[in-house]
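Below are the chains, spelled out letter by letter.
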Protein chains: 2
Amino acid sequence: MKLQVTQENLNRALGSVARVANTRNTLPILANVLVKTSNNRLSLSATNLDIAITHYIGAKVSTEGSITVPARLMQDFISSLPSGVINLDLEETKLKIKTDQYQSTVNGIAADDFPVMPAITGGESWTVPAQVFKKGLQQVVFAASSDETRPVLTAVLLHSSEGNLYLAATDSYRLAERKIGANNSQIKLLIPATAMQDLLRILGDTTSDVQVTHDEQQVLFQVGDVELVTRLVDGKYPDYPKLIPASFATEATLKRADLVNVTKVSSLFARESAGSVTIEVNEESQTLSIRSIASQLGENTAQASAKVTGSGSITLNSKYLLDGLNALSGDEVTFGFNGKLEATLLRDPTSDDYKHIIMPLKG
Amino acid sequence: MKLQVTQENLNRALGSVARVANTRNTLPILANVLVKTSNNRLSLSATNLDIAITHYIGAKVSTEGSITVPARLMQDFISSLPSGVINLDLEETKLKIKTDQYQSTVNGIAADDFPVMPAITGGESWTVPAQVFKKGLQQVVFAASSDETRPVLTAVLLHSSEGNLYLAATDSYRLAERKIGANNSQIKLLIPATAMQDLLRILGDTTSDVQVTHDEQQVLFQVGDVELVTRLVDGKYPDYPKLIPASFATEATLKRADLVNVTKVSSLFARESAGSVTIEVNEESQTLSIRSIASQLGENTAQASAKVTGSGSITLNSKYLLDGLNALSGDEVTFGFNGKLEATLLRDPTSDDYKHIIMPLKG
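Conventions and cut-offs
- Residues numbered from 1 in each chain as written.
- Chains lettered and ligands numbered in written order.
- Predicted model: local features only at pLDDT ≥ 70, side-chain atom pairs only at ≥ 80, totals over all residues.
- Heavy atoms only, no water.
- Helix = DSSP H or I, 4+ residues; strand = E, 2+ residues; numbered from the N terminus.
- Contact = heavy atoms within 4.5 Å.
- Pairing = 2+ DSSP bridges.
- Axes fitted to C-alpha atoms, helices over the stretch in contact; angles between N-to-C directions.
- Buried < 20%, exposed > 50% of the residue type's maximum accessible area, 1.4 Å probe, protein only.
- Least-squares fit on C-alpha atoms with pLDDT ≥ 70 in both.
- Salt bridge = Lys/Arg side-chain N within 4 Å of Asp/Glu carboxyl O.
- Phe/Tyr/Trp six-rings, centres within 6.5 Å; stacked < 30°, edge-to-face > 60°.
- Buried area = accessible area lost by both parts, 1.4 Å probe.
- Polar contact = N/O pair within 3.5 Å; in protein donor to acceptor, adjacent residues only side chain to side chain.

Comments concerning the environment of Phe114 of chain A
All names here are of chain A.
- The residue Phe114 is located in the loop between strand 9 (102-107) and strand 10 (124-129) in this model.
- With 149 residues separating them in the primary sequence, Phe114 and Thr263 have C-alpha atoms 49 Å apart.
- In contact with Phe114, not counting residues within four places along its chain, are Ile29, Asn32, Leu34, Ser45, Ala46, Thr47 and Thr68.

Okay, here's the thing in structure tokens:
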């Protein structure tokens, strides 16, 4: 293998793929990135066996070939080089990297041993605008569980229903759902939330479409010159739409920034009680107040004015409340619930595209 | 105690002192900050028994008094409040904190139990411009040791010699010395480097002078409304000036940014050899080259052009080299040494105010 690439392109490609490579894995080659020529392009790939990312860049190829090299060293090294032309020259398993100022030899492992994900065959394919998909993912992905004992909850559900496409995630304590557009196919994909975090990174500021291709086992996302393949999670996802309350005995609408502030301050006093805060909505005074009691340190009550119908109180985890408030984007938020034991719904009063549910704590 | 302060002032004062309070200490009151009225001022103090910081702010005091309250909670809480007036009202050991929107009760510990550092009596006093002192400290403090087995090396030496005032620090592997102005007193203070880190924070952008007052055991720094007292380190500091080489068999002068870049890149390949890199200065080719050999990963050589007198090579720890280069501030750096076994000196070719020495590794 012998070729020339620009530092800018090589650096960008390593930035896309290197994070998936992992030195903590038992297979040493999984800490490496696969560098491979194909016609006048160079592909860089990394995998952790669950997901694989490949980034294609332009290159001036003199001799075809391939090798795997330590991902972290390559990324740190190439990102430190000045912009300009880099010469790559493979001698057995040693990759020589040359610029005007630098001459390096990086010891590689033969490409034959690099694991390749199986190809997606006979799958369905459709597209969605990258930025719509990105915004939707950001609003739901954090609600997925990181507890591997219930694998389905570690996934983001991408599914169609009545002509619309939805993203949803829940860890059983809170649930987020976002409508991301119209789609008439029958889609129901359980995609690992960790793979969606990698996809978010790749989506960046791309203004193009994401092409989604899937079969029973895998899904492929194509964004510009980057491909991400991930295995799907197996299992039955909870029938979550029935958990979303449709009407509310108590509802308060207020400035989202106000609720964020009073929740933040109250959460400081709730460290000893695992973040537990009690929200009281008062129709008579048209206020929402939030109260924390921390026996050791002290206590706090904070108040904000709100448009209220129906009085009531509910105890929530302040961290979940802040996560939900930060995922919303409107100026105002509507906070609704039915008694102390049922789920609270957060939503933008001007839009029904995003719903965020939080289960109460026993107050 | 009953008073009014502004959120801005209280927040600024907590920012100065709270970091010294420590929850890991065995004395619970050391995690607290002392809040105390004196005439129409409020003082906030924290101590770890080695150092104490006090910040004075204006306040509208109705009833005098004092209390200690958890530093971290206070800082997080006050910094989250909107700007404006805050009412403080002490009831027994409960500090009530009220604004328009928030009502908090913070549980305190009586001020009588708060340890106070002994006063400096009959000490000498002089001043130095805050920004000169700050810049000088930044250039030497990182070279102090963190190894408590040789306490003198954990100090920064502030001393006078032949009418000049110097800051110096060494961990026995590298040494930094900075001239910070003229002073005809006899000064020799060993100040804990950790206290100097706190002082750096306090100096901030202050354009005024620092007033320094010291006796045999302690030194007090006064900067505007803030006071920092620290105990001095006991012991005999190495006679370091004799370690600074005066002439060089090999000298290279080059762009400081160039040497930073080639050192950074080479250090990536030197992770397995504890950062060891070999620098080769060549008079014939007028170049400085830097080489790292990492058996597992690979190796790297990088080159920069330089004005060279005398060829030679020396092996250094790349981390120390980068620290030294980053502490210098000129466009160019002069790198001088005498053979493989003696110290290397880094300096600005246009100024003799700052000297940085690095001991070689066995190549």
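Further notes follow.
As for the sheet that holds strand 12 (residues 164-170) of chain A
All names here are of chain A.
- Taking strand neighbours across the sheet as the criterion, the nine strands line up as 14-11-12-13-26-25-24-18-22 in an open arrangement whose pairing is antiparallel. Bordering the open sheet on either side are strand 14 (188-192) and strand 22 (307-309), each of which pairs with just one other strand. Neighbour-to-neighbour, the strand axes of the sheet open up by a mean angle of 15 degrees, direction not taken into account.
- Against the sheet, helix 4 (residues 193-203) makes contact with strand 11 (155-161) and strand 14, and its axis sits at roughly 80 degrees relative to strand 14, the strand it touches most.

Concerning unusual backbone geometry
- In this model, Gln286 of chain A sits at a positive phi of 50 degrees, which is unusual for a non-glycine residue.
- Mapped onto the elements of the fold, Gln286 of chain A is located in the loop between strand 19 (276-282) and strand 20 (287-294).
- Positive phi outside glycine occurs at Glu162 of chain B, with the angle close to 50 degrees.
- As for its placement among the helices and strands, Glu162 of chain B is situated in the loop between strand 11 (155-161) and strand 12 (164-170).
- Its relative accessible area of 80% is what places Glu162 of chain B among the exposed residues.

Thoughts on the sheet that holds strand 18 (residues 250-255) of chain B
Residue and element names in this part refer to chain B.
- The strand order across the open sheet built from nine strands is 14-11-12-13-26-25-24-18-22, with neighbouring strands paired in antiparallel fashion. Across the chains shown, the open sheet's two edge strands, defined by having one partner strand only, are strand 14 (188-192) and strand 22 (307-309). Shown here is a sheet whose adjacent strand axes are inclined to one another by a mean of 15 degrees, direction ignored.
- The sheet contact formed by strand 18 and strand 24 (residues 332-337) spans six bridges and is antiparallel. Each residue of the ladder has a partner; that of Glu251, found in strand 24, is Gly336.
- Helix 3 (residues 130-140) rests against strand 11, strand 12, strand 13 (174-182) and strand 26 (354-358) of the sheet, and its axis sits at about 170 degrees to strand 13.
- Packing of helix 4 (residues 193-203) onto the sheet brings it into contact with strand 11 and strand 14, and relative to strand 14 it is tilted by some 80 degrees.

Description of the relation of the copies chain A and chain B
- If you rotate chain A by 180 degrees and push it 0.0 Å along the axis, it lands on chain B with an RMSD of 0.0 Å. One copy is carried onto the other by what is essentially a two-fold rotation axis. Identified as the residue of chain A closest to the rotation axis by C-alpha distance is Arg24 of chain A, at 16 Å.
- Most of the interface of chain A is mirrored in chain B, where 100% of its interface residues are also at the interface.

A look at the side chain of His214 of chain A
- Within the fold, His214 of chain A resides in strand 15 (residues 209-214).
- Once residues lying within four places of it in the same chain are set aside, the contact partners of His214 of chain A are Ile120, Gly123, Glu124, Trp126, Ile187, Leu189 and Val219 of chain A.

Description of the pattern of salt bridges
- What the rule picks out here adds up to 22 salt bridges over all chains.
- A salt bridge links Glu280 of chain B to Arg291 of chain B, with the nearest nitrogen and oxygen atoms 3.9 Å apart. With Glu280 of chain B in strand 19 (residues 276-282) and Arg291 of chain B in strand 20 (residues 287-294), the pair connects residues that are 11 residues apart, well separated along the chain.
- Given the relative accessible area of 38%, Glu280 of chain B is considered partly exposed.
- For Arg291 of chain B, a relative accessible area of 35% puts it in the partly exposed group.
- Measuring nitrogen to oxygen at the nearest pair gives 3.4 Å for the salt bridge that ties Lys307 of chain B to Glu332 of chain B. Here Lys307 of chain B is found in strand 22, whereas its partner Glu332 of chain B is found in strand 24, with 25 residues between them in sequence.
- Look at the salt bridges and you will find they share partners, linking Asp171, Arg174, Lys319 and Asp323 of chain A into a network.

So, the packing of aromatic side chains
- Under the defined criterion, the tally for this structure stands at nine aromatic pairs over all chains.
- Both rings, one in Phe77 of chain A and one in Phe269 of chain B, keep their centres 5.0 Å apart while their planes meet at 85 degrees; by these two values the pair is edge-to-face. Residue Phe77 of chain A is found in helix 2 (residues 71-80), and its partner Phe269 of chain B is found in the loop between helix 5 (256-268) and strand 19; the two belong to separate chains. Assigned by exposure class, Phe77 of chain A and Phe269 of chain B land together as buried.

Some points on the environment of Leu220 of chain A
All names here are of chain A.
- Position of Leu220 among the secondary structure elements: in strand 16 (residues 218-223).
- For the pair Leu220 and Asp76, spaced 144 residues apart in the sequence, the C-alpha separation amounts to 28 Å.
- Contacts of Leu220, omitting those with residues within four sequence positions, involve Ile120, Gln211, Val212, Thr213, Glu227, Leu228 and Val229.

Considering the interface of chain A and chain B
- Contacts between the two partners involve 29 residues from chain A, matched on the other side by 29 residues from chain B.
- Carbon and sulfur atoms supply 54% of the area that chain A and chain B bury against each other, a total of about 2,500 Å² over both sides.
- Here Asp76 of chain A ties to Arg271 of chain B by a salt bridge, and the two come within 2.7 Å at their closest N and O atoms.
- Counting every contact that joins chain A to chain B gives 14 residue pairs in polar contact (both at pLDDT 80 or more).
- Of all elements in the fold, only helix 2, strand 9, helix 5 (256-268) and strand 21 (298-305) of chain A reach the threshold of two or more residues within the side of chain A that touches chain B.
- Looking at which element gives the most residues to the side of chain A that touches chain B, the answer is strand 21 of chain A, with seven residues.

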